[in-house]
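Next come the chains, spelled out residue by residue.
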Amino acid sequence: MKKIALLLCAVLTAGALTACSGGADATTAVSQTAAQEAADKDGAGKDAADTPAAGAEEKSDEAGENSADTAAENPFSGKTVKVGCSATFVPFESIEMAADGSKTYVGMNIDIVKAVVEKNGGQVEFVDMPFKSLMAAIQAGQIDFCSGGMAPTAEREKTLDFSEIFFYPRNAIVYRAEDNYPDLDSLKGKKIAYVFGTNYQQVAESVEGAETVGIQGSPACIEEVKSKRADACIVDGAGATEFLKNNEGLKLSLMDKVDDDCFAIGFPKESPYYETFNNTLKEMMENGELDDIIASHLSEQFILD
């Protein structure tokens, strides 16, 4: 009987031990499961923080693609274009030399071209050459286009495409400040000097009863007026404006514009730059930027309505 009681007690003890062991394993399993779930949540949180939302990623990719497309569509973006100019044409195109021998291209046409190209993400390398060489250089592919001072005549339009006309040079009557010659009619019977070998001769000779004399170069022509050897002279208005800045006692009257005497930018046929350049130039004409550049180099007298 004692043996049976002892055996029964042993069995009960073993069962109790087994029950305690099972409870420990269950608690451990629950703890491990909870810890794993917490780790999974923590990891998910980190992934969510580190990884952009699908919508944001798509928007970012779309913005990048749009930016790349815009750059690809603009022919000037990241490019340096070669632009021909005749750098003895003050105040439109000229070169300023620094003490160290470096040179800078300056002038109204220079500023206009740089403004258009830089607005479209490009840079300009100017190439100086005689005016008569510009068309040949464009056709030979030595330059991408020319900076201005070229009228779009019917003959030139056979081989080049031209931008919008952006400037009319206009001739000027230069005279002493004590006089007043606002137009050609006011010069009747006067002595008029003109630059020899130019179309100013025809203009001067068209004045009724005028005595005309041809002089070599605009500065010498204006000096003829200063020294009272002529009553007035007919020269390029822009050049005269520049000259009068440093010469007191003189005045000028601008003559009416002549439609076939104008400035435009010349491009080779089918130029990749033509359309973009022309559209930006037209925008500058409409918003007043072009007028500001003209006035900064010449005067508001040259701005046409």
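Above this text sits the structure in question.
Here the structure is a predicted model, which means the values were calculated and not measured.

Criteria and thresholds
- Residues numbered from 1 in each chain as written.
- Predicted model: local features only at pLDDT ≥ 70, side-chain atom pairs only at ≥ 80, totals over all residues.
- Heavy atoms only, no water.
- Helix = DSSP H or I, 4+ residues; strand = E, 2+ residues; numbered from the N terminus.
- Buried < 20%, exposed > 50% of the residue type's maximum accessible area, 1.4 Å probe, protein only.
- Expected span 1.5 Å × (residues − 1).
- Contact = heavy atoms within 4.5 Å.
- Salt bridge = Lys/Arg side-chain N within 4 Å of Asp/Glu carboxyl O.
- Axes fitted to C-alpha atoms, helices over the stretch in contact; angles between N-to-C directions.
- Parallel < 35°, antiparallel > 145°, perpendicular 65-115°, else oblique.
- Left-handed = near helix turned anticlockwise from the far one by under 90°.
- Nonpolar A, V, L, I, M, F, W, Y, C, P; charged D, E, K, R; others polar.
- 1 Å grid on protein atoms, 1.4 Å probe; cavity = no way out; pocket = protein on both sides within 12 Å on 5 of 7 lines; lining within 4 Å.
- Points joined across faces, edges and corners; volume = space filled by probe spheres on them.

Asker: Whenever I open this one, the environment of alanine 136 confuses me. Can you help?
Answerer: Tracing the sequence through the fold places alanine 136 in helix α4 (residues 134–139). Judged by relative accessible area, which is 47%, alanine 136 ranks as partly exposed. Taking C-alpha positions, alanine 136 is 10.0 Å from threonine 159, a pair spaced 23 residues apart along the chain.

Asker: For this particular structure, what's the right way to read helix α8 (residues 274–287)?
Answerer: In an α-helix, one turn spans 3.6 residues, which is why side chains three or four residues apart end up on the same side. Along its 14 residues, α8 runs 20 Å from first to last C-alpha, staying within 8% of the 20 Å computed at 1.5 Å per residue. Along α8, the residues classified as buried are Thr276, Phe277, Asn278, Thr280, Leu281 and Met284. For α8, the elements touching its buried residues are α3 (108–119), β6 (145–146), β13 (266–268) and α9 (289–297). One or two residues past the end of α8 sits glycine 288, with phi positive at roughly 95°.

Asker: Please explain the pattern of salt bridges as it appears in this structure.
Answerer: Where side chains of opposite charge bring their charged atoms close, a pairing between them can arise. Within this structure, the stated rule accounts for 10 salt bridges. For arginine 176, the salt bridge identified is with aspartate 179, shortest N-O distance 3.8 Å. You can call aspartate 179 partly exposed: its relative accessible area is 22%. The partner of arginine 229 in a salt bridge is glutamate 224, and the shortest N-O contact between them spans 3.2 Å. The exposure class assigned to glutamate 224 is buried, which follows from its relative accessible area of 12%. Among the ionic contacts, a cluster of salt bridges with common partners joins Arg176, Glu178, Asp179 and Asp231.

Asker: Before we go on, may I ask you to explain the packing of α3 against α9 in this structure?
Answerer: Where α3 contacts α9, the axes come no closer than 9 Å and their chain directions differ by 150°. As far as their axial angle goes, α9 and α3 are roughly antiparallel. Crossing handedness for the pair α3 and α9: right-handed. Contacts between α3 and α9 involve Met108, Asp111, Ile112, Ala115 and Lys119 from the former and Glu289, Leu290, Ile293, Ile294 and His297 from the latter. Classifying every residue of the contact of α3 with α9 by side-chain character gives six nonpolar, one polar and three charged.

Asker: Sorry, what's going on with empty space enclosed by the protein here?
Answerer: A water-sized probe, rolled over the atoms, reveals where empty space remains. Tallied over the entire structure, the rule returns one cavity of 30 Å³ or more. Of the residues in the lining of the largest cavity, the class split is two nonpolar, one polar and four charged.

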